[in-house]
Amino acid sequence: KTNGIALYNGYQDNGNSYTFNYYTPYLDFGDPSLTKFPKKMIVTVLGSNVTFDVKWAFDYSSDYSILQDTSTAADVAEYGIAEYNIGEYSSSIAIEQLQQQLNGNGNIIQIGIEALINGNAFSVQKLDIYSVIGRII
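Residues numbered from 1 in each chain as written. Predicted model: local features only at pLDDT ≥ 70, side-chain atom pairs only at ≥ 80, totals over all residues. Heavy atoms only, no water.

K.L.:
Looking at this model, I keep getting lost on the nonpolar core. Mind explaining?
P.N.:
A general feature of soluble globular proteins is that nonpolar side chains tend to end up buried together. Ranked by internal contacts, the top residues of the largest apolar core, which has 16 residues, are Met41, Val45, Phe52, Trp56, Ile111, Ala115 and Phe122. Elements that contribute at least two residues to this core include exactly β2 (36–47), β3 (51–58) and β6 (109–117). Take this core: its biggest share by element is five residues, from β6. (Core = buried A, V, L, I, M, F, W, Y, C linked by side-chain atoms within 4.5 Å. Buried < 20%, exposed > 50% of the residue type's maximum accessible area, 1.4 Å probe, protein only. Helix = DSSP H or I, 4+ residues; strand = E, 2+ residues; numbered from the N terminus.)

K.L.:
Which parts of the structure should I look at to understand the pattern of salt bridges?
P.N.:
Should the charged atoms of two oppositely charged side chains come close, the side chains can pair. Under the counting rule described, the total for this entry stands at two salt bridges. Its salt-bridge partner being Lys55, residue Glu114 comes within 3.2 Å of it at the nearest N-O pair. One end of the pair, Glu114, is in strand β6; the other, Lys55, is in strand β3, with 59 residues separating them in the sequence. Lys126 is paired through a salt bridge with Asp128; the nearest N and O atoms lie 3.7 Å apart. (Salt bridge = Lys/Arg side-chain N within 4 Å of Asp/Glu carboxyl O.)

K.L.:
Can you help me understand the sheet that holds β6 in this one?
P.N.:
Backbone-to-backbone hydrogen bonds pair the strands of a sheet. The strands run either parallel or antiparallel. Reading across the sheet, the four strands line up as β1-β6-β3-β4 and stay open at both edges, with antiparallel pairing between neighbours. The open sheet is flanked by β1 (18–23) and β4 (65–70), the only strands paired with a single partner. Ignoring which end each strand starts from, the neighbouring axes of this sheet average 20 degrees apart. Both β1 and β6 contribute to a ladder of six bridges, which runs antiparallel. Across the sheet, residue Tyr18 finds its bridge partner in β6, namely Ile117. (Pairing = 2+ DSSP bridges. Axes fitted to C-alpha atoms, helices over the stretch in contact; angles between N-to-C directions.)

K.L.:
Could you clarify how one ought to interpret the sheet that holds β2 in this entry?
P.N.:
Read across the open sheet, the three strands follow the order β5-β2-β7; overall the sheet is antiparallel. Every other strand in the sheet has two partners, leaving β5 (94–101) and β7 (122–133) as the edge strands with one partner each. Direction aside, neighbouring strands of the sheet carry axes that sit 15 degrees apart on average. As paired elements, β2 and β7 share eleven bridges and run antiparallel to each other. In the sheet register, Val43 faces β7, and the bridge partner there is Leu127.

K.L.:
Would you take a moment to explain the environment of Ser33 for this structure?
P.N.:
With respect to the helices and strands, the residue Ser33 is situated in the loop between β1 and β2. The partly exposed category is assigned to Ser33, whose relative accessible area is 40%. A sequence separation of 75 residues divides Ser33 from Ile108, and the C-alpha atoms of the two residues are 8.8 Å apart. One polar contact links Ser33 to Asp31, side chain to side chain, over a distance of 2.6 Å. (Polar contact = N/O pair within 3.5 Å; in protein donor to acceptor, adjacent residues only side chain to side chain.)

K.L.:
Is there a simple way to explain the environment of Ser65 in this structure?
P.N.:
Within the secondary structure, Ser65 is located in strand β4. Once the C-alpha coordinates of Ser65 and Ile111 are considered, the two residues, 46 residues apart in sequence, prove to be 9.7 Å apart.

Put into structure tokens, the structure is as follows:
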């Protein structure tokens, strides 16, 4: 920042929301000649009450299929206001695994995740894709 150091906090960009985008490289699961039929994807996310889109497309297409999911709202910690022996403490950020059923087929697949960040933490920790491999005829 001009004439100083900026402080980044609050999960906003200068008071405004911003878009989180993550796209995998094109995945061929070890053999680009075989057709893949993705069945399920499990996304491990860290965040609280963030709605995000899961996108996927085949064979270098920009025509993505889209599903929407929302991470669970976590309880906010009540530090400093607890009564004796009933204190409630939490990190206020949930780590969870969200499942999506996928469809379609192709030789190469790309997965994307997009979310609007506006005051809540969100990050993708892991993507697991379960797919059936087709035969060459």
